[in-house]
Amino acid sequence: MDGVQNLPPHIQGQFMQNLEQMQMKDSLTMYNNLVERCFNSCVSSFRSKSLDKYETSCVENCASRYIKMTQRVGLRFAEHQAMQQKRAADALGAGK
Amino acid sequence: SIVCSHHRHKPTVGRPHCLRRIPSCHPTQLFIQHRSSIAEITRVKRKQITMNSFFGQKEEKPAGPDPLFAATTEMEMYTHLFNNMAAACFEKCSSRKHKEPDLALGEMSCSDRCVSKYLEAQEKVGVVLQKANEAQALQQKNLAEMQNALGGR
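Criteria and thresholds
Residues numbered from 1 in each chain as written. Chains lettered and ligands numbered in written order. Predicted model: local features only at pLDDT ≥ 70, side-chain atom pairs only at ≥ 80, totals over all residues. Heavy atoms only, no water. Helix = DSSP H or I, 4+ residues; strand = E, 2+ residues; numbered from the N terminus. Contact = heavy atoms within 4.5 Å. Areas by Shrake-Rupley, 256 points an atom, 1.4 Å probe, with all protein chains shown as cover. Phe/Tyr/Trp six-rings, centres within 6.5 Å; stacked < 30°, edge-to-face > 60°. Buried < 20%, exposed > 50% of the residue type's maximum accessible area, 1.4 Å probe, protein only. Lys, Arg positive; Asp, Glu negative; His and termini not counted. Salt bridge = Lys/Arg side-chain N within 4 Å of Asp/Glu carboxyl O. Expected span 1.5 Å × (residues − 1). Core = buried A, V, L, I, M, F, W, Y, C linked by side-chain atoms within 4.5 Å. pLDDT = per-residue confidence, 0-100. Polar contact = N/O pair within 3.5 Å; in protein donor to acceptor, adjacent residues only side chain to side chain.

1. Brief notes about the overall build of chain B
- Counting its secondary structure elements, chain B contains 5 helices and 0 strands.
- The helix and strand sequence of chain B, counted from the amino end, reads α-α-α-α-α.
- Long-range contacts, defined as pairs at least 24 residues apart, comprise 48% of the intrachain contacts of chain B with a sequence gap of at least 6.
- Working note: accessible area of chain B is about 10,200 Å², and carbon and sulfur atoms make up 58% of it.

So, in C-alpha cells, the structure goes:
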C-alpha cells in the first residue's frame, strides 16, 4: 500500500496514467508472447500455406488454456499478496 | 442439480451427472465456471496488488528521491513477476497436446502449487541477493577505507 499511497495527489494522477499505459503495453506483449508460444507448440509442418484442422484447434485450445491459467495464477497471486499484507499488518500491529 | 456447461448431458436428479465420469466437471471446475467474474477479480486484484509495497517484510520501502519513479518501477517489477510466473507455470503444468480448451483438474492444482512455489523461490532469491549486496557494500567500504588510509600516509 505504501508505494502508491505516499505519492501526492497530482503525481498519483500521473502514476495512474502511467499505469494504464503500462497495462496496455503489457497486454500487447502478452498477445505476442502467446502467439509465439502456441505457434511453437502446435505448428510443425509447412506443407501448405494455411493451418490444417489439427493445428487450428491446437492453437485455439492453447490460447484459451493459457488465458485460463493466467487468470488462475493471478487469483492465487492476489491471495498470496493479501495474506502477506495481512501478515505484515499484523506484525506491525503487534510491534507497536 | 448442477449443470455442466461443458458437456451436453441432460441434468439428472441428485448428484451432478458430470462428477461421475468426466474429470473436467469436478466441483472445483464448476466453482470457477464464472470466468468473467474471475477475470474481473483478477483485473481488480492486479491493480490492487501492484499497489502493495515491493519489499513486503524484508527491506525498507524505497523512500527515494523520485517517488513516481519508485512507484513505476515497483509496478513494472510486479508486472514482470506476474508475466514470468504465468509463463513458467504454463510451461511446467500444462500438457503440450492442447486437445481441450479447458484446464484439467490436475493442471489447475499444479498451477496453484506452482504459484506458491514461485513466490517462495522469489523470496529466497531476494534474501540471497540482499546478503550479496550487503557483502559487496561492506567490501567496497573496506576497500575505500584502505585506500584512504594508504592515501593519508
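2. Things to note about the side chain of Ser111(B)
- Within the fold, Ser111(B) resides in helix α5 (residues 105-152).
- Here Ser111(B) is in contact with Met69(A), Arg72(A) and Cys93(B), once residues within four sequence places are set aside.

3. Things to note about the packing of aromatic side chains
Residues and elements named next belong to chain A.
- Per the counting criterion, the structure on display carries 4 aromatic pairs over all chains.
- Here Phe39 and Phe46 contribute two aromatic rings whose centre-to-centre distance is 6.4 Å and whose plane-to-plane angle is 45°, an arrangement assigned as tilted.
- According to the relative accessible area criterion, Phe39 is partly exposed, its value standing at 39%.
- When its relative accessible area of 64% is taken as the criterion, Phe46 is described as exposed.

4. Overview of the side chain of Glu55(A)
All names here are of chain A.
- Inspection of the secondary structure assignment puts Glu55 in helix α3 (residues 53-95).
- Lacking a salt bridge, the buried Glu55 has Arg47 as its closest oppositely charged neighbour, with an N-O distance of 6.6 Å.
- When neighbours within four sequence positions are excluded, Glu55 is seen to be in contact with Cys42, Val43, Ser44 and Ser45.

5. Digging into helix α2 (residues 9-42) of chain A
- Along its 34 residues, α2(A) runs 48 Å from first to last C-alpha, staying within 8% of the 50 Å computed at 1.5 Å per residue.
- Those residues of α2(A) that fall on the buried side of the exposure criterion are Ile11(A), Phe15(A), Leu19(A), Met22(A), Asp26(A), Leu34(A), Cys38(A) and Cys42(A).

6. Here's the deal with the nonpolar core
- Among the nonpolar cores identified, the biggest contains 24 residues, and Tyr66(A), Met69(A), Val73(A), Phe77(A), Met85(B), Cys89(B) and Leu119(B) are the most heavily contacted of them.
- Of all the secondary-structure elements, those providing two or more residues to this core are α2 and α3 of chain A together with α4 (67-93) and α5 of chain B.
- In terms of nonpolar packing, the next biggest core, distinct from the first, is built from 8 residues, Leu7(A), Leu68(B), Ala71(B) and Met75(B) among them.

7. Brief notes about the confidence of the model for chain A
- With 93% of its residues at a pLDDT of at least 70, chain A reaches an overall mean of 86.
- Put simply, helix α1 (residues 2-5) of chain A is where chain A has its lowest mean pLDDT, 58, and α3(A) is where it has its highest, 91.

8. Things to note about α3(A)
- Taking 1.5 Å per residue, 43 residues should reach 63 Å; α3(A) reaches 62 Å between its end C-alpha atoms and fits that length.
- Its side-chain oxygen at 3.2 Å from the backbone nitrogen of Tyr54(A), Asp52(A) defines the N-terminal cap of α3(A).

9. Focus on unusual backbone geometry
Residue and element names in this part refer to chain B.
- Phi is positive for His98, which is not a glycine, with a value near 50°.
- With respect to the helices and strands, the residue His98 is situated in the loop between α4 and α5.
- Here His98 falls in the buried class, since its relative accessible area comes to 2%.

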